[in-house]
Amino acid sequence: IMGQMLSKKYRTLYLNMDGFSGLSHLLNRKFTKDISDLLYYLQNGKKGLQYLMGSMVEKMNGLDILPPMMYQMDLISITGNEWIHLLKEIERYSDYEYLLLDLSDSVQGLYDILRQSSVIYCMLKKDEYAVAKIEQYESMLNQCSYEDLLLKTKKYILPDFKYAQITIDKLITGELADYVRNIIQEEFYE
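Owing to the predicted nature of the structure, the values given are computational and were not obtained by experimental measurement.

Draft legend 1. Summary view of the overall build of the protein. The secondary structure content of the protein amounts to 10 helices and 6 strands. Compactness check: the protein gives a C-alpha radius of gyration of 17 Å against a globular reference of 16 Å for 190 residues, within 12% of the reference. Overall, the C-alpha framework of the protein stretches about 45 × 40 × 35 Å when taken along its three principal axes. Look at the contacts in the protein between residues 6 or more apart in sequence, and 74% of them connect residues 24 or more apart. Total accessible area on the protein stands at roughly 11,500 Å², and carbon and sulfur atoms take up 50% of it.

Draft legend 2. Quick peek at the environment of Thr-79. Tracing the backbone shows Thr-79 in the loop between helix H5 (72-77) and helix H6 (80-93). Look at Thr-79 and you get partly exposed, because its relative accessible area is 38%.

Draft legend 3. Geometry of the nonpolar core. Judged by nonpolar contacts, the single largest core of 24 residues is most densely connected at Ile-35, Leu-38, Leu-66, Trp-83, Leu-86 and Ile-90. Of all the elements in the fold, those that place two or more residues in this core are strand E1 (12-17), helix H3 (35-43), helix H4 (49-56) and H6. When residues no more than four places from it in sequence are discounted, the contact partners of Ile-35 are Leu-15, Asn-16, Met-56, Leu-66, Pro-67, Pro-68, Met-69, Trp-83 and Leu-86. The next biggest cluster of nonpolar side chains, apart from the first, holds 21 residues, and it includes Leu-23, Leu-63, Leu-176 and Val-180.

Draft legend 4. Up close: the sheet that holds E1. Judged by pairing direction, the sheet is mixed, and its 4 strands sit side by side in the order E2-E3-E1-E4 without closing on themselves. Each edge of the sheet is formed by a strand with only one pairing partner; in this case those strands are strand E2 (58-60) and strand E4 (98-103). Pairs of neighbouring strands in the sheet enclose a mean axial angle of 30°, with direction left out of account. Of the strand pairs in this sheet, E1 and strand E3 (residues 63-66) are connected by 3 bridges, and their pairing is parallel. Bridge pairing links Tyr-14 to Ile-65 in E3.

Draft legend 5. Structural detail: the packing of aromatic side chains. Applying the stated criterion across every chain yields a total of 3 aromatic pairs. Taking 6.3 Å as the distance between ring centres and 25° as the angle between the ring planes, the aromatic pair formed by Tyr-121 and Tyr-156 counts as stacked. Linking Tyr-121 in strand E5 (residues 120-124) with Tyr-156 in strand E6 (residues 153-157), this pair joins segments that are 35 residues apart in sequence. Tyr-156 sits in the buried class, given a relative accessible area of 13%. The ring of Tyr-96 carries the charged tip of Arg-11 above its face, separated from the ring centre by 4.5 Å.

Draft legend 6. Inspection of the packing of H3 against H4 at higher detail. Running from amino to carboxyl end, H3 crosses H4 at an angle of 170°, the nearest separation of the two axes being 10 Å. Between H3 and H4, the crossing angle belongs to the class labelled roughly antiparallel. Two secondary-structure elements touch here, H3 through Ile-35, Asp-37, Leu-38, Tyr-41 and Leu-42 and H4 through Leu-49, Leu-52, Met-53 and Met-56. Of the residues that constitute the contact of H3 with H4, the class distribution is 8 nonpolar, no polar and 1 charged.

Draft legend 7. View of unusual backbone geometry. One non-glycine residue, Asn-61, lies in positive phi territory at about 50°. Secondary-structure assignment places Asn-61 in the loop between E2 and E3. Positive phi outside glycine occurs at Ser-145, with the angle close to 65°. Among the secondary structure elements, Ser-145 is positioned in the loop between helix H8 (128-143) and helix H9 (147-151). Residue classification places Ser-145 among the partly exposed residues on the basis of a relative accessible area of 48%.

Conventions used here
- Sequence positions are assigned chain by chain, starting from 1 and proceeding in written order.
- At least 70 in pLDDT is required for a residue's local features to be given in this predicted model, at least 80 for side-chain atom pairs to be given and counted, and no such filter applies to totals for whole chains, interfaces and linings, which use all residues.
- Hydrogens and water molecules were not included; the side-chain quantities draw on all heavy atoms of the structure.
- Per the convention used, a helix needs a DSSP run of H or I reaching at least four residues, while a strand needs a run of E reaching at least two, with both numbered from the N terminus.
- Atoms counted for the radius of gyration: C-alpha only. Globule rule: 2.2 Å times the number of residues to the power 0.38.
- The criterion used for residue contact is that any of the two residues' heavy atoms lie within 4.5 Å.
- Per-residue and other accessible areas follow the Shrake-Rupley method at a 1.4 Å probe size, with only the shown protein chains counted as cover for residues.
- To sort residues, take the accessible area from a 1.4 Å probe on protein chains only and compare it with the maximum for the residue type: under 20% means buried, over 50% means exposed, and anything in between is partly exposed.
- Side-chain atoms within 4.5 Å are what join buried Ala, Val, Leu, Ile, Met, Phe, Trp, Tyr and Cys residues into a set we call a nonpolar core.
- Strands were regarded as paired on the criterion that DSSP finds at least two bridges between them.
- Axis lines are fitted to C-alpha atoms, over the contacting stretch for helices. Their N-to-C directions set the angle, which ranges from 0 to 180 degrees.
- Within 6.5 Å between ring centres, the rings of Phe, Tyr and Trp (the latter by its six-membered ring) count as paired, and their orientation is classed by plane angle as stacked under 30 degrees, edge-to-face over 60, tilted in between.
- Distance and angle both matter: a charge sits over a ring if NZ of Lys or CZ of Arg is within 6 Å of the ring centre and within 35 degrees of the ring normal.
- Any angle that falls under 35 degrees is termed roughly parallel, while one over 145 is termed roughly antiparallel, one within 65 to 115 roughly perpendicular, and all others oblique.
- Gly counts as polar in this scheme, as do all residues outside two lists: the nonpolar Ala, Val, Leu, Ile, Met, Phe, Trp, Tyr, Cys and Pro, and the charged Asp, Glu, Lys and Arg.

Laid out in structure tokens, this is it:
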């Protein structure tokens, strides 16, 4: 939702780094290339990343998306340094103003990648399970010398929505979209 809204005003690229994103199904598209192709390209020292990336980018309601990895095993085999190198190359060779990463704990070097981020958004449900998860996450950050991540983490407790059924083509309408729109106005728009 945030990416689609930001893309109305800013050039925004979305990378889903979840082992099972489901985007191919949700968008009803079969991707011929995915992020692993970009990583392979970089690992082999090839130039022209922006051209390969440009041919891979998919659109979803105005938002540019790099197709996520199809296989979770590919995702967990990529090192944190490889991810950081890819992200820096995207930043260097593209004109995107925002790069949104949808991260999961399947990503190697997760905390080092988060250190490269300017803001970390945590959207939480208002329930005991979500509170326990965020408390464990914060405790781990403190114990492992990643306290700096706490300073750039913004937590939002999602209210209970009356109508929460969302389809991919209607992400920017409804109660959840209004909630995210308010966050974006506070955070991004002058």
